[in-house]
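# Working through the structure, step by step
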Amino acid sequence: MTQRELPKKIAVLMGGPSTERDVSLATGRGISKALRSLAVDVVDIDVRDENFQLPKDVDIAFIALHGTFGEDGQVQQLLEERDVAYTGEGVKESRLAFDKIRSKEKFCENEVSTPEWETIEPHQHPRMPPPIVIKAPRQGSTVGVHIVKKAEELGPAIADAAKYDRELLIEKFVSGRELTVGILGDQALPILEIIPKGGFYDFTNKYPFLNPQAGGGAEHVCPAPIDKEKTVEIQELALRAFRALGLRVYGRVDVILSESEEPFVLEINTIPGMTEASLLPEAAAAAGISYVDLCARVIALSRARTEGARR
């Protein structure tokens, strides 16, 4: 996308009311800086709730909101009601991808390999024995996620996840390498491997700059040291998962490569982080795509989605 093809005025929506507000602000600041470097008129909007205001002459809203309200179709619905174009997926697709249970159903329907799973209500006991993963299905950034390896850990983990949802996802724990595959339209970016410093890739390890005292962090290796044939297999699996949810713009597919070298899709993020520690910009850079160009491509792909929906 050339400078001439970019929208003249872009509103960057950041912050939001979710538990990921601070991360979203960091993402928004990065995107805003990148777009300003392209001599675009950028307006930063700190979103607190559904009553946020936009200038009337905005050409497109760049959504940098993570978690609930931002990724789950709510802000997309509000923007459509206001007749404002926006980046990322549509209302229905955003809602589907944000819901880990509904996503699992789609993966199974489309023969996308994913760990064995079940759903329970907070008063119920999982049928699957530990080790398992308990997830609040409609949260982002590992909020409400617990790896349970012993029976005595089950009760507290369910109680915490139940703070966020009345339907919980129980997933068989798969030991292996943590991978993520960025997607830009039809392009799968180089695979990035995440090696957490401790525990698993939770909120603290994802965003160590938000709480340096916590000692979080992770090593990122991109491209991941995986042979060419297996790399292609994982990238194709990620693309199939992306399409299984009807996604067309951009996102990040999280994958576990088991100890027996079998890849399993865990979930898809439709508004992945774009902070200094984020995975998508790192994978894009490994493919020769700068941060500024990444932002421009997201806008171009989003416009193509909108134009396609109008036909």
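Heads up: the structure comes first, above all this text.
Just so it is clear, the structure is predicted and the values come from calculations on it, not from any experiment.

Glancing now at the overall build of the protein. Across its full length, the protein carries 9 helices and 13 strands. For 311 residues, the compact-globule formula gives about 19 Å, and the C-alpha radius of gyration of the protein, at 19 Å, lands near that figure. Dimensions of the protein, computed from the C-alpha atoms along their principal axes, are close to 55 × 45 × 45 Å. Going through the 311 residues of the protein one by one, you find that 55% of them count as buried. Counting contacts in the protein only where the partners sit at least 6 residues apart, residues at least 24 apart contribute 68% of the total. For the protein, the exposed area adds up to about 14100 Å²; of that, 47% sits on carbon and sulfur atoms.

A few words now on the pattern of salt bridges. In the structure shown here, the tally under the stated rule is 21 salt bridges. For Arg-102, the salt bridge identified is with Asp-99, shortest N-O distance 3.8 Å. Lys-135 is the salt-bridge partner of Glu-171, the closest N and O atoms lying 3.0 Å from each other. Taken together, the residues Glu-171 in strand S7 (residues 168-172) and Lys-135 in strand S5 (residues 132-135) connect sequence positions 36 residues apart. Lys-135 shares its class with Glu-171; the two are buried.

Leu-13, Leu-35, Phe-52, Phe-62 and Leu-79 are the most contacted members of the largest nonpolar core, which totals 47 residues. Setting aside chain neighbours within four positions, we find Leu-13 in contact with Ile-45, Val-47, Phe-52, Leu-54, Ala-61, Phe-62, Ile-63, Ala-64, Leu-65, Val-75 and Leu-79. Judged by nonpolar contacts, the second largest core, of 25 residues, contains Leu-179, Ile-226, Ile-234 and Leu-237.

Note that Asp-41 resides in strand S2 (residues 41-47). Since its relative accessible area comes to 40%, Asp-41 is described here as partly exposed. Separated by 183 residues in sequence, Asp-41 and Ala-224 have C-alpha atoms that sit 38 Å apart. Excluding its chain neighbours within four sequence positions, the residues that come into contact with Asp-41 are Lys-8, Lys-9 and Ile-10.

The rules we used
- Residues numbered from 1 in each chain as written.
- Predicted model: local features only at pLDDT ≥ 70, side-chain atom pairs only at ≥ 80, totals over all residues.
- Heavy atoms only, no water.
- Helix = DSSP H or I, 4+ residues; strand = E, 2+ residues; numbered from the N terminus.
- Rg over C-alpha atoms; globule rule 2.2 N^0.38 Å.
- Buried < 20%, exposed > 50% of the residue type's maximum accessible area, 1.4 Å probe, protein only.
- Contact = heavy atoms within 4.5 Å.
- Areas by Shrake-Rupley, 256 points an atom, 1.4 Å probe, with all protein chains shown as cover.
- Salt bridge = Lys/Arg side-chain N within 4 Å of Asp/Glu carboxyl O.
- Core = buried A, V, L, I, M, F, W, Y, C linked by side-chain atoms within 4.5 Å.

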